[in-house]
Amino acid sequence: MSTLAALLKRTLAVGAVALAAVSLQPGAANASQAPVVGGTRAAQGEFPFMVRLSMGCGGALYTQQIVLTAAHCVNGSGNNTSITATAGVVDLNSASAIKVKSTKVLQAPGYNGKGKDWALIKLAKPINLPTLKIADTKAFDNGTFTVAGWGATREGGGQQRYLMKATVPFVSDAVCQSAYGSDLVPGEEICAGLPQGGVDTCQGDSGGPMFRRDDNNAWIQVGIVSWGEGCARPNFPGVYSEVSTFATDIKNAAATL
Ligand code: ARG
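A short tour of the structure in this document, coming up. (Residues numbered from 1 in each chain as written. Predicted model: local features only at pLDDT ≥ 70, side-chain atom pairs only at ≥ 80, totals over all residues. Heavy atoms only, no water.)

### A word on the site of the ligand
Here is the rule we go by: Residues are classed as near a molecule or strand on a simple rule: at least one heavy atom within 4 Å of it. Here a polar contact means two N or O atoms within 3.5 Å. Within protein one must be a hydrogen donor candidate and the other an acceptor candidate, and residues neighboring in sequence count only if both atoms are side-chain atoms. Exposure was quantified through the Shrake-Rupley algorithm and a 1.4 Å probe, taking into account, for residues, occlusion by the shown protein chains and nothing else. Helix and strand labels come from DSSP, where a helix needs a run of H or I of at least four residues and a strand needs a run of E of at least two; each type is numbered from the N terminus. Each residue receives one of three labels: charged for Asp, Glu, Lys and Arg, nonpolar for Ala, Val, Leu, Ile, Met, Phe, Trp, Tyr, Cys and Pro, and polar for the others, Gly being one of them.
Taken together, 17 residues lie near the ligand, and Asp200, Thr201, Gly204, Ser206 and Gly230 sit nearest. One of the side-chain nitrogen or oxygen atoms of Thr201 is found 2.8 Å away from a nitrogen atom of the ligand. Residue Ser226 places a main-chain N or O atom 2.9 Å away from a nitrogen atom belonging to the ligand. Bound to the protein, the ligand loses 100% of the 350 Å² it would expose on its own. Residue contributions to the shell around the ligand peak at 3 residues, all from strand 14 (residues 219–227). Counted by class, the shell around the ligand contains 6 nonpolar, 9 polar and 2 charged residues.

### A few points about the nonpolar core
In plain terms, the rule: Buried Ala, Val, Leu, Ile, Met, Phe, Trp, Tyr and Cys residues that are joined via side-chain atoms within 4.5 Å together make up what is termed a nonpolar core. Note on classification: 1.4 Å probe, protein chains only; a residue is buried when its accessible area is under 20% of the maximum for its type, exposed when over 50%, partly exposed between these limits. Whether two residues touch is decided by their heavy atoms; if any such pair falls within 4.5 Å, the residues are in contact.
Grouped together as the largest cluster of nonpolar side chains are 49 residues, with contacts concentrated most on Leu53, Trp118, Leu120 and Ile121. Elements with a minimum of two residues in this core: strand 2 (50–53), strand 3 (57–63), strand 4 (66–69), strand 6 (84–87), strand 7 (98–107), strand 8 (119–123) and helix 3 (243–255). When residues of this core are assigned to their parent elements, the largest contribution, 6 residues, is made by helix 3. Apart from the residues within four sequence positions on either side, Leu120 is in contact with Ile66, Val67, Leu68, Lys104, Val105, Leu106, Ile250, Ala253, Ala254 and Leu257. Counting residues in hydrophobic clusters, the runner-up holds 16 residues, among them Val147, Val168, Met210 and Val225.

### What to know about the state of the cysteines
As a reminder, the rule being used: In this description, the term disulfide denotes a pair of cysteine sulfurs within 2.5 Å.
Applying the stated criterion across every chain yields a total of 3 disulfides. The disulfide partner of Cys57 is Cys73, and the S-S distance across this bridge is 2.0 Å. In this structure the cystine formed by Cys57 and Cys73 twists about its S-S bond by roughly -85°; its chirality is therefore left-handed. Remark: Cys73 occurs in the loop between strand 4 and strand 5 (78–79) and Cys57 occurs in strand 3; sequence separation between them is 16 residues. Each member of the pair, Cys57 together with Cys73, is buried. Cysteine pairing in the chain follows 1-2, 3-4, 5-6, where each cysteine in a disulfide is numbered by its order in the sequence.

### Regarding the environment of Gly143
Considering the arrangement of structural elements, one finds Gly143 in the loop between strand 9 (133–134) and strand 10 (144–149). For the pair formed by Gly143 and Val168, sequence separation is 25 residues and the distance between their alpha carbons is 8.8 Å. Residue contacts for Gly143: discarding those within four places in its chain leaves Val168, Pro169, Phe170 and Arg212.

The structure is reproduced here in structure tokens:
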């Protein structure tokens with residue numbers, strides 16, 4: 001955990017936990033204060049697989065009883081009944097929110113703060129909502145991606161009540177390495193963002209999915225929100241775990257839960 005990347009991730013994850021304890025800010029999003037920096041409100045039911053986790057992270061339903069999130073959002077592997085997953089709503093304060101506790105956590109084997117930023121959370125019971133399939137080839141590691149979350153609207157901003165969304169273009173490993181140097185693990189991470197900045201995920205979005213349409217127009221997950229230098233800064237793309245790299249590991253790990 002001595003790299004810049006690890007420090008950034010740790011700082012942001014701790015920030016997210018602290019922020020999660022603060023009451024959610026009700027009210028409207030506007031262009032300058034939209035969670036998922038530079039985003040807009042998601043419609044109810046638009047991304048039914050989106051999950052909010054009580055430690056202040058996002059996630060996606062990999063199966064109806066397993067949430068895929070980031071390794072840096074959890075503390076390790078084993079039995080764990082301390083996490084609450086909230087699903088089925090864009091408004092976290094909605095009376096119709098589905099809330100289910102965790103039973104187990106599986107953090108990526110070998111996770112040490114650099115790369116391998118994925119984890120699975122087993123839920124106490126299945127949630128009857130659509131799941132998000134994960135990319136198991138690099139075929140979709142390009143184009144324009146959608147990101148969503150209840151995280152901060154800007155660096156240092158608060159967690160949000162309503163789910164927000166934004167789109168960000170793929171950034172090549174070479175361009176991303178010019179921003180982050182050896183902190184980037186190009187074989188395990190995929191970057192996205194605009195050269196001019198302005199649109200990005202941010203603190204509290206970690207663990208949530210980055211996704212796009214596949215050839216059948218179905219949503220497919222290509223990334224997991226992981227880290228970045230600040231949020232939405234010019235020439236500092238968001239860094240996401242490269243789901244295609246870990247698809248087999250994720251599938252095998254899920255089978256053990
Ligand atoms: N590590 C952050 C979290 O725990 C996510 C940061 C994403 N940053 C970015 N610039 N895309 O929520």
